Amino acid sequence: MRREQRWTRLSERRVMGSLQRFSLCFSWKRILCIFFLPVILSGFAPRVKDKEHLIFANAQLQPAQYSMFNWSHLTPLKLTDRSVGLQTESRVGSKPYFTLGGHKFLIFGGSIHYFRVPKEYWRDRLLKLKACGFNTLTTYVPWNLHEPQRGKFDFSGNLDLEAFVLMAAEIGLWVILRPGPYICSEMDLGGLPSWLLQDPKMILRTTYKGFVEAVNKYFDHLISRVVPLQYRKRGPIIAVQVENEYGSFAEDKDYMPYIQKFSQQALLERGIVELLMTSDDAKHMLKGYIEGVLATINMNTFQINDFKQLSQVQRNKPIMVMEFWVGWFDTWGGKHMIKNAEDVEDTVSKFITSEISFNVYMFHGGTNFGFMNGATYFGKHRGVVTSYDYDAVLTEAGDYTEKYFKLRKLFGSVVAVHLPPLPKLSPKAEYPAVKPSLYLPLWDVLQYLNKPVISHTPVNMESLPINNGNGQSYGLVLYETFICCGGSLHANVQDTAQVGVSRLSMEVFLNEKNIGLLGDGIKKLNIPKIRECQLLRILVENQGRVNFSWKIQDQRKGLTGSVTIDNIPLNGFIIYSLEMTMSFFERLRSATWKPVRKNYSGPAFYLGTLKAGSSPKDTFLRLLNWNYGFVFINGRNLGRYSIIGPQETLYLPGTWLHPRDNEIILFEKRKSGSYIQTIDEPKL
């Protein structure tokens, strides 16, 4: 994300050096801070006279009289006695608190999503989490990525959950796991698999039989992988979250009783023995609370009133902020979201002085590579951008920020051990600009796609009889049928569709005429009069399924109903699936590419070569004069770009580049551009 002031490499070295010198000894300023900070911050405690629940909150939030925290012996590799895991305790005359292994423990958590970070960079990001002063890692688990087809599970490569958790333990971090099944996280459909939508009666996140059965089968597989990673099994997982933010959804009065039962049957009976938690914002706490499960809260800043609902549902329990939002995500066509570093530091300081455990969301956001992004809907569909930088503590590329240095300094002032040295910055590079020399119109590529579906009527993306009966999750769908007259075309489209007609002759077919766009409230187009039958083509893109609110029930993509001209239904469709998989690009290498035409309009693939030298490094692609599409490097989908912003560059991890020559393919939907530039810093 765009920052108010970007750190130069020189200033980073100076700050890093000063911080390392700072951690060598206790200064007189630090000692005074330890003694007087509780007194100074006492003004942050609430002053309530008569409301009982806020009197309780007042007691909870009084600054603590603590010595420096020392958890050097409470790390996964050093703590050998695993008989007692993370627990809550409350004693007369003392504030409720967590214990781990019988020792008082305050959770300093930070979120990193393994599926948004190249596996080769996991260690770097986790080392930076530890070096900042955090003691706990939190991560979601995306069902849609781990079970892309019913009963077909993928925990390999970038989805190797066990490897990520064990690496955290090796580095000295505890883990709070958030397995869903729904995770939100600005993921497509909130992390739920799209094949659930094949059932026309499906009601997601309810007690609907089809949903419950699918969740149970998924958890049979997932939890069997999680059980050996638990604290009492000598692993690093100290807590597991039940569902996610259901209080803000809460459309099925029977669902929370089911979830309470679910926490026992789906988790406990499958072998989960660690502390269970729920997670909701203050406004919806009562609707998301489960009796017997620790309620945690999500918030944007330290507000006394936000703890009001929490004090109503549970007493004599330590406070845990499961999500403290240190930034926010961006959507296409919106503005870039940032949050002041001093505000973040101030809020975390208040958490610590009040002995509130917390999790920073996000410590490192990463990237929505490929098609994993979700969307919002507040009267208009807006896809989440490719970057999940989130204005987090680390940048999308894993670089330090002002927030990082402020939090590291704060944590260093309250822990009794030296923080680990800062890992080196990852180098960035600029490479020679790429001018694609070859292209293929989409219509020339159809022969390299899988066999099309022939259907009397349109079929939505999820219901296509492909992928072993699991339909299509992401990408685009091309619908073709013949029309012999013009008129008013009507179609229900999600998300956007390009409509064009072409004559049967090859010569005119190459000059595809774009009639217009459908989608997001636009359901009608006028097709001019035609003298002979022509081929009608409707290209529909899934721009991200909504990931939050009841709107998730209405996320079937493609043509979701009949197509008519002057109220007469069209029939006889040929349907092509464009999932943009690596196997597709392997087939495309055998195609006969053509020299690029100047200012070609229409969907097409553009081929060029990125020369990365002998030692590839991270870089950022800048697509000036291109309009809208996707970038593929050596067959990997980097994600979506768009001229409407706010994101202007795409992060390209150096670990995905080959030495010297790299194949770069753009799928541009509208009009060809010129050069593809690389720069050594993002423009978000």
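The coordinates are above.
In this text, all values refer to a predicted model and were calculated from it rather than measured experimentally.

Calculation notes
- Residues numbered from 1 in each chain as written.
- Predicted model: local features only at pLDDT ≥ 70, side-chain atom pairs only at ≥ 80, totals over all residues.
- Heavy atoms only, no water.
- Helix = DSSP H or I, 4+ residues; strand = E, 2+ residues; numbered from the N terminus.
- Buried < 20%, exposed > 50% of the residue type's maximum accessible area, 1.4 Å probe, protein only.
- Contact = heavy atoms within 4.5 Å.
- Areas by Shrake-Rupley, 256 points an atom, 1.4 Å probe, with all protein chains shown as cover.
- Axes fitted to C-alpha atoms, helices over the stretch in contact; angles between N-to-C directions.
- Parallel < 35°, antiparallel > 145°, perpendicular 65-115°, else oblique.
- Left-handed = near helix turned anticlockwise from the far one by under 90°.
- Pairing = 2+ DSSP bridges.
- Expected span 1.5 Å × (residues − 1).
- Polar contact = N/O pair within 3.5 Å; in protein donor to acceptor, adjacent residues only side chain to side chain.
- Salt bridge = Lys/Arg side-chain N within 4 Å of Asp/Glu carboxyl O.
- Nonpolar A, V, L, I, M, F, W, Y, C, P; charged D, E, K, R; others polar.
- Disulfide = S-S within 2.5 Å.

Visitor: Tell me about the overall build of the protein chain, and name the residues and values.
Guide: The helix and strand inventory of the protein chain stands at 15 helices and 32 strands. Split into buried and exposed, the 684 residues of the protein chain put 61% on the buried side. Counted over contacts in the protein chain with a minimum sequence separation of 6, partners at least 24 positions apart contribute 79%. Surface summary for the protein chain: the accessible area is close to 27,400 Å², and the carbon and sulfur share equals 53%.

Visitor: Give me the lowdown on the packing of helix 11 (residues 341-353) against helix 12 (residues 402-412), citing residues and values where you can.
Guide: The N-to-C vectors of helix 11 and helix 12 enclose an angle of 25°; their axes lie 9 Å apart at closest approach. In terms of axis orientation, helix 11 runs roughly parallel to helix 12. Of the two elements, helix 11 crosses helix 12, and the hand of that crossing is right-handed. Two secondary-structure elements touch here, helix 11 through Ala341, Glu342, Val344, Glu345, Val348, Ser349 and Ile352 and helix 12 through Glu402, Lys403, Lys406, Leu407, Leu410 and Phe411.

Visitor: Help me get a handle on the sheet that holds strand 28 (residues 628-633), residues and values and all.
Guide: Taken in spatial order, the 6 strands of this open sheet run 25-14-26-31-28-29, and their pairing is antiparallel. In this open sheet, the two strands that pair with only one neighbour each are strand 25 (594-595) and strand 29 (636-642). In the sheet, strand 14 (residues 438-441) pairs with strand 26 (residues 604-611) via 4 bridges, with the strands oriented antiparallel. Within the sheet, the bridge partner assigned to Pro441 lies in strand 26 and is Ala604.

Visitor: Any chance you could break down the side chain of Gln472 for me, citing the residues and the numbers?
Guide: Summarising the element assignment, Gln472 is placed in the loop between strand 15 (453-455) and strand 16 (476-483). Filtering out sequence-adjacent residues up to four positions away, Gln472 remains in contact with Ser194, Met461, Glu462, Leu464, Ile466, Asn467, Val477, Arg545, Ser577, Leu578 and Glu579.

Visitor: An account of helix 11 is needed here, citing residue identities and associated values.
Guide: Taking 1.5 Å of rise per residue, 13 residues should cover 18 Å, and helix 11 covers 18 Å from first to last C-alpha, within 8% of that figure. Of all the positions in helix 11, only Ala341, Val344, Thr347, Val348, Ser349, Lys350, Phe351, Ile352 and Thr353 are classed as buried. Measuring from the side-chain oxygen of the N-cap residue of helix 11 to the backbone nitrogen of Glu342 gives 2.8 Å; that N-cap residue is Asn340. Looking one or two residues beyond helix 11, the residue adopting positive phi is Glu355, at roughly 55°.

Visitor: An account of the environment of Val165 is needed here, citing residue identities and associated values.
Guide: Tracing the chain through its elements places Val165 in helix 6 (residues 161-171). For Val165, a relative accessible area of 1% puts it in the buried group. In this structure, the C-alpha to C-alpha distance between Val165 and Leu177, residues 12 residues apart in sequence, is 9.2 Å.

Visitor: Describe the pattern of salt bridges, and please don't skip the residues or the numbers.
Guide: In the structure shown here, the tally under the stated rule is 27 salt bridges. Among the ionic pairs, Asp124 bridges to Lys128, the shortest N-O distance being 3.0 Å. Of this pair, Asp124 and Lys128 are both found in helix 4 (residues 122-132), 4 residues apart, which corresponds to roughly one turn of the helix. Assigned by exposure class, Asp124 and Lys128 land together as buried. Connected through salt bridges with shared partners, the residues Asp124, Arg125 and Lys128 form a single ionic network.

Visitor: Kindly report on the packing of helix 4 against helix 12, identifying the contributing residues and their values.
Guide: One way to put it is that helix 4 packs onto helix 12 with a least axis distance of 8 Å and a crossing angle of 45°. Comparing the axis directions of helix 4 and helix 12 gives the class oblique. In this structure, helix 4 uses Lys128, Ala131 and Cys132 to contact helix 12, whose residues at the interface are Tyr404, Leu407, Arg408 and Phe411. Of the residues contributing to the contact of helix 4 with helix 12, the split by class is 5 nonpolar, no polar and 2 charged.

Visitor: Which residues make up the sheet that holds strand 9 (residues 294-299), and what are the values?
Guide: Backbone-to-backbone hydrogen bonds pair the strands of a sheet. The strands run either parallel or antiparallel. As summarised here, the arrangement of the 8 strands in space is 4-5-6-7-8-9-10-11, forming a closed barrel in which the pairing is parallel. Adjacent strand axes in the sheet meet at a mean angle of 30°, parallel and antiparallel pairs treated alike. The pairing of strand 4 (residues 108-112) with strand 5 (residues 136-140) spans 3 bridges and is parallel. Within strand 5, the residue paired with Gly109 across the bridge is Thr136.

Visitor: Account for the state of the cysteines, with residues named and values stated.
Guide: Summed over the entire model, instances satisfying the criterion amount to 1 disulfide. In this model Cys484 forms its disulfide with Cys533; the gap between the sulfur atoms is 1.8 Å. For the disulfide bridge between Cys484 and Cys533, the dihedral angle about the S-S bond is near 95°, and by the sign convention the bridge is right-handed. Separated by 49 residues along the polypeptide, Cys484 in the loop between strand 16 and strand 17 (487-494) and Cys533 in the loop between strand 20 (524-527) and strand 21 (534-541) bring together distant segments of the chain.

Visitor: Quick rundown of the pairing of strand 26? Include the residues and the values.
Guide: When you tally the buried positions in strand 26, you get 6 out of 8 residues, the bulk of the element. Where strand 26 and strand 31 (residues 661-668) come together, 8 bridges link them in antiparallel fashion. When the bridges of strand 31 are listed, Leu607 appears paired with Ile665.

Visitor: Before we move on, could you go through helix 4 and cite the residues and values that matter?
Guide: Within helix 4, 9 of the 11 residues are buried, leaving the element largely enclosed by the surrounding structure. When helix 4 is considered as a whole, its buried residues turn out to be Trp122, Asp124, Arg125, Leu126, Lys128, Leu129, Lys130, Ala131 and Cys132. Among the structural elements, strand 4, strand 5, helix 6, strand 11 (357-364), helix 12 and strand 30 (649-652) are those in contact with the buried residues of helix 4. Looking one or two residues past helix 4, Gly133 carries a phi angle of roughly 115°, positive in sign.

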